[in-house]
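The primary structure of each chain is shown beneath.
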Amino acid sequence: MRQALSVTAGWFAAAAGRPDAVPNCGKGVRPRKIVGKYKAKRHNKGGYRTDLLYCGGAKYGYRHLQPHVPQYFGGWGNFNFSIGAVLKKPADWVVQGNGNFRESAPIFQCFFAGYYIIWTFYVVPNIQSGSIVTAYGHKGRTVDKPCP
Amino acid sequence: MKALMFGDSFVPELRDILTSISTATSFGPNGIEIETREQPFTYPWQLTWIGYDPDLGHSRVICKLAAERKTVAAVIDAGDFRKICANNTRSRAWNGSAHYHDMAVLASTLIEEQIVTWDPSQLGSEVRIKLPKDRIA
């Protein structure tokens, strides 16, 4: 079984998995170091804002979401790509009372063998600052057809 | 050694968040808005009970969430959140809420991450709500 090189993000916008370098948020690196910048659709307005991923700590940012990276497919490259895809073009957008947005979209993991898995990828940025609190992908159903 | 306890404001604030109504918007593939609706924070789950553990008191909070005829208990121990369990701090770095303290906001985010966004069939009857290993709040 061989996994196709391309990942279909959202609906039909195919993009190759990019070999993004894993952020350096090792011991001693300051929490406010920026390790990701994403073009994010504005809520209830036209245009985009820039949402930022900081190294952060236990409660937010890369250090918080890092354990979710190996739970997803394709390592940091795909995870990073999926954060960007969801923020740019979310399918569902929830404005929450705890001060965060919860944005999500389906991500298709395509297999050369002629089937695909639908994941739902979530990104939770702070409403005011655009700082990413967390992100994670949940595996959904397998469709026994070639990728759309 | 005295067990760590949650501050008195934690349960009321967490209940307030989990029973709050969120505004959700769906978009089509072309980015055009399809619909906007009001839904509970925990949708498609529903909070059925929140309170202190009858045996452990303020050191453990239990939230029961139900969906599709399944109930999952979220178990939150003060000892896993020793720096913020008093629920009297507000970190501007990640807490964007104007009303709620850090412990309530973090617990709501973790409940969302570990229960609310999961399919009920993928969860057991109890989920220990905590930060990733080796990270203590």
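Residues numbered from 1 in each chain as written. Chains lettered and ligands numbered in written order. Predicted model: local features only at pLDDT ≥ 70, side-chain atom pairs only at ≥ 80, totals over all residues. Heavy atoms only, no water.

Colleague: Any chance you could explain the confidence of the model for chain B here in plain terms?
Modeller: Low pLDDT means the predicted atomic positions in that stretch should not be read closely. Residues and elements named next belong to chain B. Looking at chain B, pLDDT values average 93 and 96% of them are 70 or higher. When pLDDT is averaged over each helix and strand of chain B, the minimum, 95, is found for strand S6 (residues 126-128) and the maximum, 98, for helix H1 (residues 10-18). The complex prediction reports pTM at 0.90, with the ipTM value standing at 0.93. (pLDDT = per-residue confidence, 0-100. Helix = DSSP H or I, 4+ residues; strand = E, 2+ residues; numbered from the N terminus.)

Colleague: Teacher, can you tell me more about the pattern of salt bridges here?
Modeller: Think of it this way: side chains of opposite charge can pair up when their charged atoms draw near. What the rule picks out here adds up to eight salt bridges over all chains. Among the ionic pairs, Glu112 of chain B bridges to Arg102 of chain A, the shortest N-O distance being 3.5 Å. Here Glu112 of chain B is found in helix H2 (residues 102-116), whereas its partner Arg102 of chain A is found in strand S6 (residues 101-111) on a different chain. For Arg102 of chain A, a relative accessible area of 10% translates into the label buried. Here Arg128 of chain B makes a salt bridge to Asp80 of chain B, at a shortest N to O gap of 2.8 Å. Linking Arg128 of chain B in strand S6 with Asp80 of chain B in the loop between strand S5 (70-77) and H2, this pair joins segments that are 48 residues apart in sequence. Residue Arg128 of chain B is classed as partly exposed on the basis of its relative accessible area of 39%. In this structure Asp80 of chain B comes out as buried when scored by relative accessible area, which is 16%. Salt bridges here are not isolated pairs; linked through shared partners, they connect Asp53, Arg60, Asp77, Asp80 and Arg128 of chain B. (Salt bridge = Lys/Arg side-chain N within 4 Å of Asp/Glu carboxyl O. Buried < 20%, exposed > 50% of the residue type's maximum accessible area, 1.4 Å probe, protein only.)

Colleague: Got a minute to help me understand the packing of aromatic side chains in this structure?
Modeller: Two aromatic rings are characterised by how far apart their centres lie and by the angle between their planes. All names here are of chain A. Enumeration over the complete set of coordinates arrives at 14 aromatic pairs over all chains. Judged by centre distance (4.7 Å) and plane angle (45 degrees), the rings of Tyr72 and Phe73 are tilted. Both residues of the pair, Tyr72 and Phe73, belong to the buried class. Ring geometry for Trp76 against Phe79: centres 5.9 Å apart, planes inclined by 25 degrees, an arrangement best described as stacked. Taken together, the residues Trp76 and Phe79, both in helix H2 (residues 75-88) and three residues apart, mark about one turn of the helix. Classification of Trp76 by relative accessible area gives buried; the value is 6%. (Phe/Tyr/Trp six-rings, centres within 6.5 Å; stacked < 30°, edge-to-face > 60°.)

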